[in-house]
Amino acid sequence: MQAEILIVGSLNMDFIVKVGSLPRGGETITGWGFTNLPGGKGANQACAVGRLDGVGRMVGCIGRDVHGEELLASLRAAGIHTNGVRATSAEATGSALITVERSGQNQIIVAAGANQCLEPGEVRQAIATAHPAFLLLQLEVPLATVEAAARQAKAQGAVVILDPAPSQPLSATLLQGIDILTPNESEACLLLGLDGITIELDETPRVARALLALGPRCVVLKLGATGVWLVDGNRSRHFPARRVEPVDVTAAGDCFNGALAVALAEGRNMEQAIRFANCAAALTVTRCGAQAS
């Protein structure tokens, strides 16, 4: 029987518009192709797990509204268990405003909504009950909830995978409890207090080792079209990305994390899991939307 993956995180409805180029500050531009699609970093990772035939369970919060119902339907269609998703009347379902330019690059603004209602106690209980082999975390729910989830899962012997997005400072205690940290370039720079949001390839080994020194057991540094860099106690190596024509990069990182967890749950080693996740993420950017891709 395949190991279960528990995903603690956000569920958002994405409101997407395409533009020729991303707007500058104070600029009004014309867009086209407006649509709304299920998203949220947690739910995106869960959908990736389900669509890749992983055994996944989602823990999060939605509002008592039509968008919450759509998000649940999307997760269930992907084969994800949703009994850990709580509906609340305190807030509307979380939302994200996304602009996507012709190159596939995007800008995203998130309104947390019901995601901020996910409490430490309920995630501890969910993890204690499910006893998952893997835990997927992101940062679109309260940080105290993320920290509680990581502690509970680690105490039970689960492999804890953290995508530190959206970027924010993290405590040494949290980072030291993470098995696999998967930042992108801007998140890595924030964690290390570096200027800028991009990292040159020849700087990557040094940056990855600096991230490893913060406490996680393994770092998988995501470099977009350049691929990823893996560093742990034994290895430091580059895995090139698959070459594709990008349409929309939304959720590529989420898909990568979901695919990584599935491959590890199937018993593949880290290098095999990264190659598999690179392929899944590459396919994601060839289609529009988050869970839709």
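So, here is what we can say about the structure in this document. In this numbering scheme, every chain counts its residues from 1 along its sequence in written order. Local features in a predicted model are, by the rule used here, given only for residues with pLDDT of at least 70; side-chain atom pairs are given and counted only at 80 or more, and totals for whole chains, interfaces and linings are based on all residues. Calculated side-chain values reflect all of the structure's heavy atoms, with hydrogen atoms and water omitted.

Remarks on the overall build of the protein chain
And step 1. Helix and strand labels come from DSSP, where a helix needs a run of H or I of at least four residues and a strand needs a run of E of at least two; each type is numbered from the N terminus. Looking only at helices and strands, the protein chain features 9 helices and 13 strands.
And step 2. Expected size for 293 residues packed as a compact globule is a radius of gyration near 19 Å; at 18 Å, the protein chain falls within 12% of this value.
And step 3. Seen through its C-alpha atoms, the protein chain measures out along the principal axes to roughly 50 × 45 × 35 Å.
And step 4. For the protein chain, restricting intrachain contacts to residue pairs at least 6 apart in sequence, the fraction spanning at least 24 positions comes to 67%.
And step 5. Accessible surface, the protein chain as shown: approximately 12,500 Å² in total, 52% of it carbon and sulfur.
And step 6. Here Asp and Glu are counted as negative and Lys and Arg as positive; His is not counted, and neither are the chain ends. Charge placement uses NZ in Lys and CZ in Arg. For Asp and Glu, CG and CD serve respectively. Taking the average place of the 23 positive charges on the side chains of the protein chain and the average place of its 27 negative ones, the gap between the two points comes to 5 Å. Throughout, radius of gyration means the C-alpha value; the globule benchmark is 2.2 Å times the number of residues raised to the power 0.38. The criterion used for residue contact is that any of the two residues' heavy atoms lie within 4.5 Å. For the accessible areas, the method is Shrake-Rupley and the probe is 1.4 Å, while residue cover comes only from the protein chains on display.

Topic: unusual backbone geometry
And step 1. Residue Pro-166 is bonded to the preceding Ala-165 through a cis peptide linkage, with omega at -5°.
And step 2. Within the secondary structure layout, Pro-166 lies in the loop between β9 (159-162) and α5 (172-176).
And step 3. Within the chain, Asp-53 stands out as a residue other than glycine whose phi angle is a positive 65°.
And step 4. Turning to its location among the elements, Asp-53 is positioned in the loop between α1 (41-51) and β4 (55-63).
And step 5. Judged by its relative accessible area of 61%, Asp-53 falls in the exposed class. Only protein chains enter the area calculation, which uses a 1.4 Å probe; residues under 20% of their type maximum are buried, those over 50% are exposed, and those in between are partly exposed.

Details of the side chain of Thr-145
And step 1. In this fold, Thr-145 is placed in helix α4 (residues 143-155).
And step 2. For this analysis, a polar contact is any N or O atom pair within 3.5 Å, provided that within protein one partner can donate a hydrogen and the other can accept it, and provided that sequence-adjacent residues contribute only side-chain to side-chain pairs. Side-chain polar atoms of Thr-145 contact the backbone oxygen of Leu-118, separated by 2.7 Å.
And step 3. Residues within four places of Thr-145 in sequence aside, it is in contact with Leu-118, Glu-119, Pro-120 and Val-123.

Focus on the sheet that holds strand β13 (residues 236-239)
And step 1. The rule for pairing is simple: two strands pair if DSSP sees at least two bridges between them. In space, the 9 strands of this open sheet follow the order β5-β4-β1-β8-β9-β10-β11-β12-β13, with mixed pairing throughout. Only two strands of the sheet have a single partner each, and these edge strands are β5 (81-88) and β13.
And step 2. In this structure, β4 lies alongside β5, joined through 6 bridges in parallel fashion. By the bridge assignment, Gly-63 is partnered in β5 with Thr-88.
And step 3. Only the contacting stretch of a helix is used when fitting its axis, a line to C-alpha atoms as for every element, and angles between N-to-C directions run 0 to 180 degrees. Helix-sheet contacts for helix α7 (residues 204-212) involve β11 (218-222), β12 (228-231) and β13, and the interaxial angle to β11 is about 135°.

Re the packing of helix α8 (residues 252-265) against helix α9 (residues 270-284)
And step 1. Running from N to C, α8 and α9 point in directions that differ by 145°, and their axes come no closer than 8 Å. Seen from above, α8 lies across α9 with right-handed handedness. Residues Ala-252, Cys-255, Phe-256, Ala-259, Leu-260, Ala-263 and Leu-264 of α8 touch α9, and the partners they reach there are Met-270, Ala-273, Ile-274, Phe-276, Ala-277, Asn-278, Ala-280, Ala-281 and Thr-284.
And step 2. Of the residues that constitute the contact of α8 with α9, the class distribution is 14 nonpolar, 2 polar and no charged. By definition, any crossing whose near helix is turned counterclockwise from its far helix by less than a right angle is left-handed, and any crossing with a clockwise turn is right-handed. Note that Gly is not counted as nonpolar here; it falls among the polar residues with everything else outside the nonpolar set of Ala, Val, Leu, Ile, Met, Phe, Trp, Tyr, Cys and Pro and the charged set of Asp, Glu, Lys and Arg.

Observations regarding the nonpolar core
And step 1. Grouped together as the largest cluster of nonpolar side chains are 40 residues, with contacts concentrated most on Ile-5, Leu-260 and Ile-274.
And step 2. The element contributing the most residues to this core is α8, with 9 residues.
And step 3. We define a nonpolar core as any set of buried Ala, Val, Leu, Ile, Met, Phe, Trp, Tyr and Cys residues linked to one another through side-chain atoms lying within 4.5 Å. Judged by nonpolar contacts, the second largest core, of 38 residues, contains Ile-178, Cys-189, Ala-208 and Leu-223.

Brief notes about the packing of aromatic side chains
What characterises a pair of aromatic rings is the spacing of the ring centres plus the angle enclosed by the ring planes.
And step 1. Each aromatic pair joins two rings of Phe, Tyr and Trp (for Trp, the six-membered one) with centres within 6.5 Å, and gets the label stacked for planes under 30 degrees apart, edge-to-face for over 60, and tilted for any other angle. Counting across every chain of the model gives 0 aromatic pairs.
And step 2. The ring of Phe-239 has Arg-237 sitting right over it, with the charged end atom 4.2 Å from the ring centre. Criterion for a charge above a ring: Lys NZ or Arg CZ within 6 Å of the ring centre, and within 35 degrees of the ring normal.

Just geometry here; none of it tells us what the structure is for.
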